[in-house]
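# Structural description and commentary
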Amino acid sequence: MTPNGWFQLALYLGVLLLLARPLGVYMAAVYEGVPSRWRRPGEVVERWMYRLCGVDPAEQMTWTRYAYGVLMFSVVSFLAVYLIQRCQALLPLNPQQLAAVTADSSFNTAISFMTNTNWQGYGGEVTMSYLSQMLALTVQNFVSAAVGMAVLVALIRGFRQTGTTGLGNFWVDLTRGTLYILLPLSFILALVLVSQGVVQTFSAYQTVPLMEAATTADGKTITEQTLPLGPAASQIAIKQLGTNGGGFYNVNSAHPFENPTPLSNFLQVLSILLIAAGLCHTFGVMVKDSRQGWALLAAMLVVFVPLTVGCALLEQQGTPQLAALGADLTASNLHPGGNMEGKETRFGIANSALWATATTAASNGSVNAMHDSFTPLGGLIPMWLMQLGEVIFGGAGSGLYGMVMFAIVTVFIAGLMVGRTPEYLGKKIEAYEMKMASIAILAPCAMVLVGTAIALMCTGGKATIFNPAVHGFSEVLYAVSSASNNNGSAVAGLGANTPFYNTLLGVAMLIGRFLTMLPVLAIAGSLSQKKHVPASAGTLPTHTPLFVVLVVAIVIIVGALNFFPALALGPIVEHLQMRA
Amino acid sequence: MLKNNTKAVTAEETRPDQAQQQIAIATDGWGTHIRAAIVSTIALVAILCGAYPLIVWGISQAIFPHNANGSLVYSADGKTVIGSELLSQAFAGEQYFHPRPSAAGSGHDPSSSGGTNLGPTSDKLLNGIADDPATADTDESYAGIKHLSEAYRKTNGLAVDAIVPADAVTRSASGVDPHISPANAKLQAARVGRSRGLSEADVLLIVEANTDRASFGFLGEPGVNVFMLNLALDRVKQ
Amino acid sequence: MATQSKSIFSADLIVPAIKVSFVKLNPVHLWKNPVIFVTEVGAFLTTIDLIRTMATGGAASFPLQITLWLWFTVLFANFAEAMAEGRGKAQADSLRRSRTKSVANKLDTASGTTKLVAAESLRKGDLVVVTAGELIPADGEVIEGAATVNESAITGESAPVIREAGGDRSAVTGGTTVLSDRIKIRVTANPGESFMDRMIGLIEGAKRQKTPNEIALSILLSALTIVFLVVVITLKPLAVYTGPDVSAALTVTVLVSLLVCLIPTTIGGLLSAIGIAGIDRMVQKNVLAMSGRAVEAAGDVDVLLLDKTGTITLGNRQAVEFVPAPGVDERQLADAAQLSSLADETPEGRSIVVLAKEKYGIRGREVHELPNAQFVPFTAQTRMSGIDLDGRQIRKGAADSVRQHVGGKFPAPIEQSVMEISSKGGTPLVVADGDRVLGVVYLKDIVKGGLPDRFKRFRAMGIRTVMITGDNQLTAAAIAREAGVDDFLAQAKPEDKMALIRKEQAAGHLVAMTGDGTNDAPALAQADVGVAMNTGTQAAKEAGNMVDLDSNPTKLIEVVEIGKQLLMTRGALTTFSIANDVAKYFAIIPAMFAVAYAASPDQPGPLSALNVMGLGTAQSAILSAVIFNALIIIALIPLALRGVRFRAVAAASILRRNLLIYGLGGLLLPFPGIKVIDLIVNALGLV
């Protein structure tokens with residue numbers, strides 16, 4: 001990689017860390033309900049919404065009631081998205097006259113967007129009407145992220161409070177997160193993206209004559225090109241910020257209309273991690289010990305940075321096969337070199353690798369390069385980042401609460417080693433918390449393995465594996481990992497828009513979302529009733545580098561132990577074959 | 001045991017304030033949630049799907065109409081749209097710079113964007129597939145990187161074992177990558193110049209003019225916009 | 001029950017433990033330990049696979065060895081538990097031996113006569129009479145008389161103790177012997193429920209329940225077991241997809257081997273042994289924990305309430321100086337002080353007599369030498385004692401009382417001396433003759449040796465020490481300073497103690513305290529760890545969750561250390577167990593997948609590159625990992641029983657140290673371990 005490539009990676013981290021702190025403090029103020037002049041207009045909307053919904057914003061909810069709210073809202077979201085897709089042919093704003101989406105695809109997509117996964121089995125341009133994209137998907141991009149953040153905030157309150165069962169009000173957290181955090185950020189980002197050339201129009205697709213008629217492989221002559229348009233910028237902004245990742249176009253942020261310039265790329269990849277990084281600070285601020293937030297952020301970075309660098313190096317190195325065919329893999333100022341298969345020239349290697357790790361570290365899943373065509377180990381990194389449980393930044397809210405689950409397990413093991421029964425942030429970690437944290441961490445792991453096994457055993461699963469042998473195996477593993485951890489990125493070599501995969505991955509997404517979210521809320525409910533144990537020299541400090549290393553070790557060991565055999569049969573053997 | 005009993009009693013004694021606090025906490029199940037879920041979904045749809053994109057649209061159309069509508073390029077008379085600055089078109093002629101190979105639709109189709117999605121060790125990707133002579137009516141052939149690089153060298157008059165820029169022989173992610181690397185353009189310049197009767201230096205000047213540098217000098221990679229370059233070449237001729 | 005720490009592997013413990021290991025193979029028993037249960041099921045499956053292989057005439061050597069080692073793994077885990085239980089049982093047996101069948105003189109309240117009955121027939125509320133030389137037949141309370149009792153059967157302390165009706169020394173324990181006098185006892189426990197019975201039960205592990213932290217850890221271990229089960233089960237379909245040769249290599253035996261190596265058998269096998277050993281270590285310190293939960297709570301304690309007297313200071317104050325009033329000869333003061341103390345049998349009183357003799361050669365006169373003397377004993381009202389002799393009224397007492405006695409005023413130098421002594425932590429006793437103040441006797445509290453250092457280490461561990469004393473503020477502050485405690489509660493009444501505990505607990509602290517009196521009982525019950533002195537009342541013993549047989553309040557400190565050590569051992573072995581898995585993967589995965597994508601059947605596949613240890617063959621690699629996994633349990637039994645090394649330092653440095661040893665060690669050790677076993681296996685040609 002060129003020095004400039006390294007500089008871009010460093011710049012990215014610098015800007016991310018610089019922005020995360022003020023954003024985190026702001027988000028804490030939003031959830032704490034600190035009044036602010038800036039939010040005055042929003043408060044009118046807020047009050048009006050509560051009145052319409054019949055919600056008493058002062059009501060404090062127990063964890064079960066909070067969870068009911070989450071579930072009820074998710075059910076309504078699912079039904080809304082499902083029905084709109086099924087009826088899109090009858091609804092307006094469908095200039096391409098696209099037919100109703102199939103039942104299994106609608107099922108999969110509805111779950112996918114409701115769970116903040118944004119796995120897309122379909123191609124955006126050829127399946128979804130503008131109305132479906134806007135009404136069904138855009139709104140889910142916002143609220144699925146806001147739900148994740150709300151659950152995180154409930155968990156933080158659980159740590160902070162003593163002797164009460166109230167975790168806050170789900171409807172208030174949902175509304176505030178949407179109106180004061182996601183919406184303003186999206187608005188600003190959308191406008192900047194438009195300035196870079198991301199389209200925002202309600203015109204129909206435009207057909208233009210080609211400058212030079214082209215002849216396809218099968219001898220047909222093509223004289224026209226269809227430019228897919230649409231209100232893309234407003235959706236793309238939130239799909240990046242809300243760790244959704246569901247692209248407006250089929251190739252997501254690799255499409256020049258979705259991500260036209262290096263600057264738009266920088267802002268989009270920044271947006272992927274921005275809220276997740278900011279929430280670490282929100283956590284610190286709300287538990288009244290900003291070092292705790294820094295520690296979790298540091299743990300995330302300790303995993304993220306080496307993997308990003310590793311991915312960039314591996315992609316730059318390319319493959320011996322490419323070199324043998326005479327491709328120049330060495331980067332220079334005149335060309336990016338490396339494994340450029342499935343990558344865009346304007347992004348080159350550094351930005352493609354950075355995006356790949358950021359989008360899988362966070363449960364975003366948008367892409368600006370085709371992960372399927374990454375080198376085996378370069379592609380292992382994004383896959384493994386998902387298998388780690390989407391806790392390295394992770395989804396909006398969901399990433400951090402997942403990380404807190406790991407912190408709880410870490411505290412449990414490490415706490416014993418200092419000779420005390422474990423406690424985290426002053427709350428005793430006991431059998432109930434361990435049970436719930438184990439479910440939250442292990443359910444997605446188990447789903448990945450079981451789902452992969454099922455897909456590889458069934459004819460329905462094997463039928464649409466386009467790449468044979470090892471790589472096909474990696475693709476299935478990648479797809480199930482992505483769905484089970486609510487990431488949504490795909491290696492498109494797998495034909496996933498089949499009833500089999502739509503159903504399997506739909507179930508995987510449900511498990512990945514709710515079997516983590518509900519245990520987290522249960523823990524919040526249990527912690528909030530516990531006494532606060534004051535810290536002393538005998539308490540395991542959870543803000544030190546040592547603790548950071550320990551959390552990272554637990555995250556990595558759980559990830560490695562669970563997936564080493566599967567990865568060995570996939571990317572690792574592929575790499576060894578490639579190098580053989 | 002006595003100890004436990006004592007504990008239980010004292011625990012209750014010390015918590016009357018908390019007991020009172022809990023009265024305000026509702027514990028019933030679905031109750032008001034159904035209405036809240038439906039109504040808030042509708043209200044949020046109105047804000048997020050109605051107001052938000054419309055306002056973004058309105059401002060965009062007012063401030064960045066060109067960018068918001070697809071960065072369209074018009075014909076010299078300004079009447080017809082002939083393409084977008086941001087999207088590549090297929091070019092195969094001698095007189096044109098060639099974009100990167102494409103896997104979008106039947107080639108460079110922005111409404112069916114896509115990469116090959118072939119793994120790096122895939123034999124199909126590397127060595128392609130030959131047409132099956134048994135089925136005369138269909139063409140199964142697929143150009144592997146081997147064929148692409150051979151064709152690239154041949155078209156541009158390079159030695160058979162010449163090293164070529166990686167981007168010239170690999171398909172992009174979108175299939176409509178508007179750029180090629182400057183190194184790639186340089187290798188094509190002589191051919192284009194020859195066929196247009198321009199000196200290579202002149203061609204390179206036009207290439208230079210259509211090269212998108214890294215933003216601010218450091219973001220992203222430099223790239224030559226093939227569509228805009230070819231358009232510029234055509235307009236020079238005119 | 002003075003049990004010397006037995007050598008961990010003595011033959012009389014090992015032989016029965018081996019027998020018990022086999023008894024414990026019963027799945028009904030193992031079900032409670034999910035990790036080992038899964039191992040047993042795995043061993044069962046490989047056994048079936050072995051039989052099938054032998055029936056079909058296949059090569060049985062490899063599955064046979066794997067099967068044997070898997071059974072060994074289960075047996076080793078059972079053995080660890082049996083060893084821990086065996087040690088407890090040995091102690092219980094020595095207790096039980098002291099409870100030879102005895103008879104009792106049961107008192108019939110109606111007739112007032114006694115009847116000889118079997119001790120087992122005694123019920124709560126019965127009255128018995130015990131005379132010198134007899135065994136006390138049951139736990140009870142002395143309601144009449146006083147006696148010296150030999151309690152060495154339970155304390156190991158041969159010095160007899162006084163037991164008397166009323167007050168805080170009325171409790172007697174069944175199985176102890178009355179040495180002198182005759183006492184009437186009300187039985188307080190039914191047979192089988194006595195203090196001893198419960199202790200024996202606890203030590204034997206018969207009533208052992210999992211502690212809260214053990215349950216939480218079991219949940220984590222079960223979760224890991226379940227997920228590794230999923231890993232191993234899903235491996236088969238993955239292998240089937242990869243190719244028939246890989247699939248064929250994944251026999252039941254191989255899959256079970258992988259599973260057993262991955263699931264945390266080390267900690268799973270040693271977990272209950274660690275818990276039993278924790279209680280056992282308490283017993284070795286002559287502390288009986290009423291439950292494992294109490295031992296665990298001891299590790300969490302961060303506030304220690306220590307009674308000044310007996311814990312921080314030697315029980316008795318000593319006179320060290322006579323400070324005469326102006327115009328009074330020091331010798332005169334010494335003489336008066338000695339006279340007033342002649343009948344005072346308290347250690348303080350005796351120390352005055354001794355000091356006067358040592359310093360001024362005033363011979364301690366015998367009481368009968370002074371026929372005219374009238375001794376005035378200490379009463380709660382006057383708070384003075386003294387002597388009326390030949391018209392002199394010599395009194396000594398606390399400054400306040402004497403001041404009142406002499407009419408409300410001391411000469412200024414006396415006031416100053418009183419202040420000075422108080423501020424130095426001493427107790428000033430003012431001596432007055434009539435209403436003339438002669439001077440002050442400086443009684444000094446002697447702080448036990450080594451305490452300040454010990455408290456300093458506690459502070460480093462985040463444990464706060466609070467001294468409780470009835471002394472006034474000044475005295476208390478001075479002693480607190482000398483002993484190095486963090487805080488003190490002066491002029492404390494039992495209610496104050498209770499209030500302090502509640503206050504600390506409300507702030508989230510866990511409090512430990514010692515106590516012996518009936519009025520300590522509520523506080524003992526309220527404290528998270530309440531250590532009752534064995535010499536204390538039945539009520540105190542019932543209220544606390546530990547009993548110190550030596551009645552040494554300083555032992556609270558050791559109790560905390562043992563609690564911490566128990567938790568540390570549990571955490572260290574869990575870390576070690578999980579860290580081990582990495583190396584086992586590197587042994588087994590390349591072996592399992594050696595044939596995957598191989599160019600030809602006789603060439604190793606690409607995944608052989610992962611065989612970083614260079615293990616001989618696929619089979620030897622798997623066998624070596626399984627053997628290592630089994631042997632490590634045995635190797636760690638001593639550590640589980642003894643506990644990891646305890647150091648009183650801050651949490652952060654303990655963590656760093658334990659992580660280096662058990663985390664990093666656990667990660668690295670198996671690599672050479674498995675390699676060595678593999679070399680042996682190959683050298684012996686076992687597979």
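Located above this text is the structure these notes cover.
A short tour of the structure in this document, coming up. (Residues numbered from 1 in each chain as written. Chains lettered and ligands numbered in written order. Predicted model: local features only at pLDDT ≥ 70, side-chain atom pairs only at ≥ 80, totals over all residues. Heavy atoms only, no water.)

Our next topic: the overall build of chain A. When helices and strands are counted, chain A shows 19 helices and six strands. Against the 2.2 N^0.38 benchmark of 25 Å for 580 residues, chain A shows a C-alpha radius of gyration of 23 Å, consistent with a compact globule. For chain A, the C-alpha atoms occupy an extent of roughly 75 × 60 × 45 Å along the three principal directions. Evaluated residue by residue, chain A yields a buried proportion of 72% over its 580 residues. Sequence separation of at least 24 residues holds for 78% of the intrachain contacts in chain A that already meet a minimum separation of 6. (Helix = DSSP H or I, 4+ residues; strand = E, 2+ residues; numbered from the N terminus. Rg over C-alpha atoms; globule rule 2.2 N^0.38 Å. Buried < 20%, exposed > 50% of the residue type's maximum accessible area, 1.4 Å probe, protein only. Contact = heavy atoms within 4.5 Å.)

All names here are of chain C. Reading across the sheet, the three strands line up as S6-S5-S8 and stay open at both edges, with antiparallel pairing between neighbours. Edge strands, defined here as strands with exactly one partner in the open sheet, are strand S6 (161-164) and strand S8 (177-178). Summarising the sheet, strand S5 (residues 146-150) and S6 pair through four bridges and their orientation is antiparallel. Its bridge partner lying in S6, Ala 147 is registered against Arg 163. (Pairing = 2+ DSSP bridges.)

It is worth spelling out the state of the cysteines at this point. Disulfides are covalent bonds that link the sulfur atoms of two cysteine residues. By the definition in use, this model includes zero disulfides over all chains. With no disulfide partner, Cys49(B) has as its closest neighbouring cysteine sulfur the one in Cys53(A), 15 Å distant. (Disulfide = S-S within 2.5 Å.)

A few words now on the packing of helix H6 (residues 130-160) of chain A against helix H8 (residues 232-241) of chain A. All names here are of chain A. At their nearest, the axes of H6 and H8 sit 9 Å apart, and the two run at 30° to each other. Judged by the angle between their axes, H6 and H8 are roughly parallel. Crossing handedness for the pair H6 and H8: left-handed. Every residue of H8 that contacts H6 at Gln 133, Thr 138, Asn 141 and Phe 142 is listed here: Gln 235, Ile 238 and Lys 239. Residues that form the contact of H6 with H8 fall into these classes: two nonpolar, four polar and one charged. (Axes fitted to C-alpha atoms, helices over the stretch in contact; angles between N-to-C directions. Parallel < 35°, antiparallel > 145°, perpendicular 65-115°, else oblique. Left-handed = near helix turned anticlockwise from the far one by under 90°. Nonpolar A, V, L, I, M, F, W, Y, C, P; charged D, E, K, R; others polar.)

Moving on to the side chain of Asn486(A). Secondary-structure assignment places Asn486(A) in the loop between helix H17 (469-484) and helix H18 (499-528). Apart from residues lying up to four places away in sequence, Asn486(A) is in contact with Thr115(A), Asn116(A), Thr117(A), Ser363(A), Met509(A), Gly512(A) and Arg513(A).

Residue and element names in this part refer to chain A. Going through the model one piece at a time under the given rule, you end up with 35 salt bridges over all chains. The partner of Lys 530 in a salt bridge is Glu 433, with the nearest N and O atoms 2.8 Å apart. You can see Lys 530 sitting in the loop between H18 and helix H19 (545-579) and its partner Glu 433 sitting in helix H15 (residues 431-457), a full 97 residues away along the chain. Accessibility expressed as a relative area gives 13% for Lys 530, which makes it buried. (Salt bridge = Lys/Arg side-chain N within 4 Å of Asp/Glu carboxyl O.)

On the secondary structure map, Gly115(B) appears in the loop between strand S3 (81-84) and helix H5 (123-127). C-alpha separation for the pair Gly115(B) and Ala173(B), spaced 58 residues apart in sequence, amounts to 4.5 Å. Here Gly115(B) is in contact with Val251(A), Met370(A), Ala103(B), Ser172(B) and Ala173(B), once residues within four sequence places are set aside.

With that settled, the discussion passes to unusual backbone geometry. With the exception of glycine, the majority of residues adopt a negative phi angle, and the majority of peptide bonds are in the trans configuration. The phi dihedral of Asn252(A) is positive, around 60°, even though this residue is not glycine. Structurally, Asn252(A) is set in the loop between H8 and helix H9 (262-286). Classification of Asn252(A) by relative accessible area gives buried; the value is 5%. At Gln491(C), a residue that is not glycine, the phi angle is positive and equals roughly 45°.

As a further point, take the interface of chain A and chain B. The interface of chain A with chain B comprises 120 residues on the first partner and 112 residues on the second. Between chain A and chain B, a total of about 9,300 Å² is buried, with carbon and sulfur atoms accounting for 66% of that surface. Of all residues in chain A, Met211(A), Leu325(A) and Glu341(A) bury the most surface against chain B, accounting for 8% of the area lost on that side. Asp177(B) is paired through a salt bridge with Arg346(A); the nearest N and O atoms lie 3.9 Å apart. Along the contact surface separating chain A from chain B lie 42 residue pairs in polar contact (both at pLDDT 80 or more). Looking at the side of chain A that touches chain B element by element, the count peaks at eleven residues for helix H7 (residues 170-196) of chain A. Grouping the amino acids of the side of chain A that touches chain B by side-chain chemistry returns 64 nonpolar, 43 polar and 13 charged. (Buried area = accessible area lost by both parts, 1.4 Å probe. Polar contact = N/O pair within 3.5 Å; in protein donor to acceptor, adjacent residues only side chain to side chain.)

On to the nonpolar core, then. In terms of nonpolar packing, the biggest core is built from 348 residues, with Ile392(A), Phe393(A), Met403(A), Tyr424(A) and Phe593(C) touching the most fellow members. Counting only domains with at least three residues in this core, you end up with domain 1 (2-65) and domain 2 (70-237) of chain B. Residues in contact with Tyr424(A), not counting those within four places in the same chain, are Phe159(A), Phe283(A), Gln292(A), Leu296(A), Val404(A), Ala407(A), Ile408(A), Val411(A), Ile429(A), Thr542(A) and Phe547(A). Formed by 40 residues, the second largest nonpolar core is a distinct cluster that contains Ile352(C), Leu355(C), Tyr360(C) and Ala373(C). (Core = buried A, V, L, I, M, F, W, Y, C linked by side-chain atoms within 4.5 Å. Domains from an automatic or database assignment.)

Attention shifts here to the packing of helix H24 (residues 651-668) of chain C against helix H25 (residues 670-683) of chain C. Residues and elements named next belong to chain C. Close contact between H24 and H25 brings their axes to 5 Å; oriented N to C, the two are set at 35°. Along the contact surface, H24 presents Gly 665, Gly 666, Leu 667 and Leu 668, while H25 presents Pro 670, Phe 671 and Pro 672. Taken together, the residues of the contact of H24 with H25 break down into five nonpolar, two polar and no charged.

Moving on, we come to helix H19 (residues 494-506) of chain C. Residues and elements named next belong to chain C. Compared with an ideal rise of 1.5 Å per residue, which puts 13 residues at 18 Å, H19 spans 18 Å between its outermost C-alpha atoms and is within 8% of the ideal. Next to the buried residues of H19 lie strand S11 (303-307), strand S18 (464-468), strand S19 (487-489), strand S20 (511-515) and helix H20 (521-526). Among the residues trailing H19, Gly 508 stands out with phi positive, at a value near 95°. (Expected span 1.5 Å × (residues − 1).)

This next bit is on the pairing of strand S14 (residues 384-389) of chain C. All names here are of chain C. With five of its six residues buried, S14 lies for the most part within the structure. Across three bridges, the pairing between strand S13 (residues 374-376) and S14 is antiparallel. The residue of S14 that forms the bridge with Gln 374 is Asp 388. As paired elements, S14 and strand S15 (residues 392-398) share six bridges and run antiparallel to each other. Bridge pairing in S15 links Met 384 to Gly 397.

All names here are of chain C. Here Gln 473 shows up in helix H18 (residues 473-483). It is 70 Å that separates the C-alpha atoms of Gln 473 and Leu 68, two residues lying 405 residues apart in sequence. Look past the residues within four positions of Gln 473 in its chain and what remains in contact with it is Phe 488, Ala 490 and Gln 491.

Let's shift gears to H7(A). Residues and elements named next belong to chain A. Helix length check: H7, at 27 residues, gives a terminal C-alpha distance of 37 Å against a target of 39 Å (1.5 Å per residue), a fit within 8%. Of all the bends in H7, the greatest, near 35°, is centred on Leu 182, and the proline Pro 184 appears no more than four residues after it. The N-capping residue of H7, defined by a side-chain oxygen 2.9 Å from the backbone nitrogen of Trp 171, is Asn 169. After H7 finishes, the residue Gly 197 shows a positive phi value of roughly 115°. (Bend = angle between axes of the 7 residues up to and from the residue.)

What the rule picks out here adds up to 27 aromatic pairs over all chains. The interplanar angle of 90° and the centroid separation of 5.3 Å between the aromatic rings of Phe142(A) and Tyr52(B) together place this pair among those described as edge-to-face. Taken together, the residues Phe142(A) in helix H6 and Tyr52(B) in helix H3 (residues 33-63) connect one chain to another. You can call Tyr52(B) buried: its relative accessible area is 3%. On the numbers, 5.6 Å between centres and 85° between planes, the contact of Phe304(A) with Phe393(A) is edge-to-face. With Phe304(A) in helix H10 (residues 290-317) and Phe393(A) in the loop between helix H13 (376-387) and helix H14 (398-417), the pair connects residues that are 89 residues apart, well separated along the chain. In this structure Phe304(A) comes out as buried when scored by relative accessible area, which is 1%. Clustering of aromatic rings is evident, with ring pairs tying together Tyr66(A), Phe73(A), Phe170(A) and Trp171(A). (Phe/Tyr/Trp six-rings, centres within 6.5 Å; stacked < 30°, edge-to-face > 60°.)

Attention now moves to the sheet that holds strand S10 (residues 287-289) of chain C. All names here are of chain C. Read across the open sheet, the seven strands follow the order S10-S22-S21-S20-S11-S18-S19; overall the sheet is mixed. Looking at strand neighbours, the two that pair on one side only are S10 and S19, the edges of this open sheet. Neighbour-to-neighbour, the strand axes of this sheet turn through a mean angle of 20°, independent of strand direction. As paired elements, strand S21 (residues 529-533) and strand S22 (residues 546-548) share three bridges and run parallel to each other. In the sheet register, Met 533 faces S22, and the bridge partner there is Asp 548. The sheet strands contacting H18 are S18 and S19, and the helix crosses S19 at an angle near 150°.

It is worth spelling out a nonpolar patch on the surface at this point. Residues and elements named next belong to chain C. Together, Val 41, Phe 44, Leu 45, Ile 48 and Val 252 make up a nonpolar patch on the protein surface, roughly 420 Å² of accessible area in all. With four residues, helix H3 (residues 34-55) is the largest single contributor of residues to the nonpolar patch. Inspection of the secondary structure assignment puts Leu 45 in helix H3. Residue Leu 45 is classed as partly exposed on the basis of its relative accessible area, which comes to 40%. (Patch = residues over 30% accessible without salt bridge, like charges linked within 9 Å, V, L, I, M, F, W, Y side chains within 5 Å. Areas by Shrake-Rupley, 256 points an atom, 1.4 Å probe, with all protein chains shown as cover.)

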